[in-house]
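Residue-level structural notes
Here are the chains, one letter per residue:
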Amino acid sequence: MIAAILAATVGLFIWGRWRHDIVASAALLSCVFLGLVPSEDAFSGFAHPAVITVACVLVLSHGLQITGAVNALARKFLPSSGGPALSILAISALGSVLSGFMNNVGALALLMPAAIRASEDHGLPPGKMLMPLSFACILGGTATLIGTPPNLIISGFRAQAGRGAFSMFDFAPVGAAITIIGVLFIGFIGWRLVPRKKRSGADGFETGAYLSEVSVREDSPFKNKTVRELEILLEGADAQVLGMVRGDFHVVAPHPGYVLRNGDILVIEAEPESLSALLSEAGLKLEEEVDSEDGSDGEKNHPGRDHLLDSYRGYYGGQPSEDEEDGHDSERQDEIVIRELVCMPGSSLSGLSATDMRLRTRYGVNLLAVSRKGKKSISRLRTTPLYPGDVLLIQGAPEAISTFASDYGCLPLASRDIMVPKKGQALAASIIMGCAVGSAAFGVFPAPVSFAAGALVMILFKIVPLRSVYTAVDWPVVVLLGSMLPVAGAMSLTGTADLIARFLMESVAGGNAVIALVVIIAGTMIFTDFMNNAATAAVMAPIAMSAAAGLGADPDSFLMAVAIGASCAFLTPIGHQNNTLILGPGGFSFGDYWRLGLPMDLLVIIVAVPLLLWVWPL
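Okay, so let's go over this structure.

Procedures and definitions
Counting from 1, residues in each chain are numbered in the order their sequence is written. Under the rules for a predicted model, residues below a pLDDT of 70 receive no local features and side-chain atom pairs below 80 are neither given nor counted, while totals for whole chains, interfaces and linings still include all residues. In computing side-chain values, all of the structure's heavy atoms are included and hydrogens and water are not. Angles shown run from 0 to 180 degrees and are taken between the N-to-C directions of axes, each axis being a line fitted to C-alpha atoms and, for helices, limited to the stretch in contact. Note on conventions: DSSP H or I runs of at least 4 residues are helices, E runs of at least 2 residues are strands, and numbering of each starts at the N terminus. For classification purposes, an angle smaller than 35 degrees is called roughly parallel, one larger than 145 roughly antiparallel, one from 65 to 115 roughly perpendicular, and anything else oblique. The contact criterion used is simple: two residues touch if any of their non-hydrogen atoms lie within 4.5 Å. The nonpolar class holds Ala, Val, Leu, Ile, Met, Phe, Trp, Tyr, Cys and Pro. Asp, Glu, Lys and Arg form the charged class, and all remaining residues, Gly among them, are polar. Salt bridges are counted wherever a side-chain nitrogen of Lys or Arg sits within 4 Å of a carboxyl oxygen of Asp or Glu. Burial classification: accessible surface area is computed with a 1.4 Å probe over protein chains only, and a residue below 20% of its type maximum counts as buried, one above 50% as exposed, and the rest as partly exposed. Any N or O atom pair separated by 3.5 Å or less is treated as a polar contact, with the protein-specific requirement of one donor-capable and one acceptor-capable atom, and with residues adjacent in sequence counted only for side-chain atom pairs. When DSSP finds two or more bridges between a pair of strands, those strands are recorded as paired. Nonpolar cores are built from buried Ala, Val, Leu, Ile, Met, Phe, Trp, Tyr and Cys residues. Side-chain atoms within 4.5 Å join them into one set. Think of a patch as exposed residues, more than 30% relative accessible area, with no salt bridge, where like charges cluster within 9 Å and nonpolar side chains (Val, Leu, Ile, Met, Phe, Trp, Tyr) cluster within 5 Å. The Shrake-Rupley method, run with a 1.4 Å probe, gives the accessible areas here. Residue values count only the displayed protein chains as cover.

The subject of this paragraph is the packing of helix α7 (residues 127-140) against helix α9 (residues 172-188). Running from N to C, α7 and α9 cross one another at 170°; their axes reach a closest spacing of 9 Å. Between α7 and α9, the crossing angle belongs to the class labelled roughly antiparallel. Two secondary-structure elements touch here, α7 through P132, F135, A136, L139 and G140 and α9 through I178, T179, G182, V183 and I186. Within the contact of α7 with α9, the residues separate by chemical class into seven nonpolar, three polar and no charged.

For the rest of this paragraph, the subject is the pattern of salt bridges. Tallied over the entire structure, the rule returns six salt bridges. A salt bridge links D21 to R19, with the shortest nitrogen-to-oxygen separation between them at 2.8 Å. Residue classification places D21 among the buried residues on the basis of a relative accessible area of 5%. Where K223 meets E218, a salt bridge forms, and the shortest distance between an N and an O atom there is 2.5 Å.

Our next topic: the side chain of D264. Tracing the backbone through its elements, the reader meets D264 in the loop between β3 (249-252) and β4 (265-270). Only 2.8 Å separates the side chain of D264 from the backbone nitrogen of R261, close enough to count as a polar contact. Setting aside residues up to four positions removed in sequence, D264 forms contacts with V214, S215, V216, M244, V245, R246 and V259.

Let us now look at the pairing of strand β9 (residues 391-396). Consecutive side chains of a regular strand alternate in pointing toward one face of the sheet and then the other. A large share of β9 lies buried, amounting to six of its six residues. Taking every second residue as pointing to the same face, both faces of β9 are buried, with V391, L393 and Q395 on one and L392, I394 and G396 on the other. Bridging between strand β6 (residues 337-343) and β9 involves six bridges; their strand directions are antiparallel. Each residue of the ladder has a partner; that of E340, found in β9, is L393. Sheet topology note: the strand β7 (residues 366-372)/β9 ladder contains five bridges and is antiparallel. When the bridges of β9 are listed, N366 appears paired with Q395.

Time to look at the nonpolar core. Membership of the largest hydrophobic core comes to 149 residues, with the highest contact counts inside it found for F135, F451, F558, I564 and V604. Sort the elements by how many residues they give to this core and helix α23 (residues 533-551) lands first, with 12 residues. The contact partners of F558, leaving out residues within four places of it in the chain, are A513, A516, L517, I520, A544, A547, A548, L551, A553 and L618. Grouped together as the second largest cluster of nonpolar side chains are 24 residues, A253, L341, I401 and A405 included.

Once that is clear, we can look at a nonpolar patch on the surface. A surface patch of nonpolar side chains, about 600 Å² in accessible area, is lined by M1, L29, F33, L34 and F43. Here F43 is to be found in the loop between α2 (20-33) and α3 (49-66).

Position of T496 relative to the elements: it lies in helix α21 (residues 496-508). T496 sits in the buried class, given a relative accessible area of 8%. A distance of 3.0 Å separates a polar atom in the side chain of T496 from a polar atom in the side chain of T494. Among residues more than four places away in sequence, those in contact with T496 are I2, A3 and M491.

These results come straight from atomic positions and should not be treated as a statement about function.
Spelled out as structure tokens, the structure:
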């Protein structure tokens, strides 16, 4: 029965229709209902040291991010001159070091703007920098206990077997070696294998639609109607109102409740084929004079009109007060900019559309375009569900865009200034993190206690604000770990892990321990390319231990093989959150990853297997 649950769980992980934590929770409850996991132990996984450590490390990583400690390091470390190979090598090396001590996705997110800027400096497509950086951050996590959740899970399984947990740097002899060799390969050879995928930047992001200025006529059926009522008509042709001018007042992203009046000028984004019919049905007049060669518009009644298209392109605009709605003069207020944002893995906007989020009503911003896998999506823009890896072109006031990005877990792709809330906090955050790592490494306290103490100190010193403590934790990963650990335990107790291991060892490895080690690491790599790495580690760990027991070998080498294989997801954009994050900004498609990913997998196996046999002999 556990085999059927496991097969269904793996199938759902690979299918990807439901989030990993939902699938893992369903697997756990299925085991409980069928009596495979005792009811009193159903949620014992949430007390597992690996779960506690992951949550605390995420809080500590958040402290390093928000204090600007990593940004400061990046600016000092990254070269300001030299060729593309040197830049790729430097940024990849920095990413690998950071990811050994903080969340891999956080390390990548912090360095992405620098990577994109470097690609522009060297005239390279962004993907040539982003894929090497993503892979380097994945590699760096293999070198320490806290570098990636699979390492913590493997350490937990070793402790449950009565062999004690792995220490902070037990992973380093093999993990650091494959990281160093992998980063050198990426910097000198690997980046050349990345497909050249071009993606427009914010200044030239091709929206694919036509911008037109139109005015509301006296006989228009939408005179004295709201903007929202007009947009109901426009939705049929996937058109939208981007701006409005009334007298010397103009606004970007007009509120849906604004009432249209005779003479109002609107900026409409629409496909040329549907524009004429829309204007006729809505009773709007095309303002063709605005683009005349001499720059005059022939109208003296609209002082704000000269800036209308400038507002769309990212200059100035404002929001009206009640007096301005009554026709009184207004002054230009906040700067209006156009920004690119990428949807982070785990973003709360996943599956939501611009309409669902009420972008204009809540934030006063326009969604101008969506890039998915390097291709611009214009079909039903406002109702198109958004997903991790999508790049959004957002227009509005900087503060409004920042609020939206923060609320929905989006990452700005433009360069960011170092933000230090209080003097010395970047240094303090670094010292606290260093002390937590040192305490765990030298055995002063166990890893969960060391990192929990570090997180508490950051909170007490207000380095991490109380309001962001729980948002810093990747709760889907925590739920996934807490749910899968009892399921993995049931695999061992029911003998399912022994059956799978016996099949692999007899049918594939032929009873040879070295070949079995290669099978374990290669099989884990294949699984992790389609499943969450933590789930892969939880599934493969009991199988690896059973295989080692059946061969009479030391299980440490097999457990380390699972830890490395579970972390090395290079072939697909769904195997690791880092690969998902660069999907849109790099302009990649699903099949682009294997060109560099396959050589990386082979390199890891070639380097890791001899080192495993030497450091952790069978």
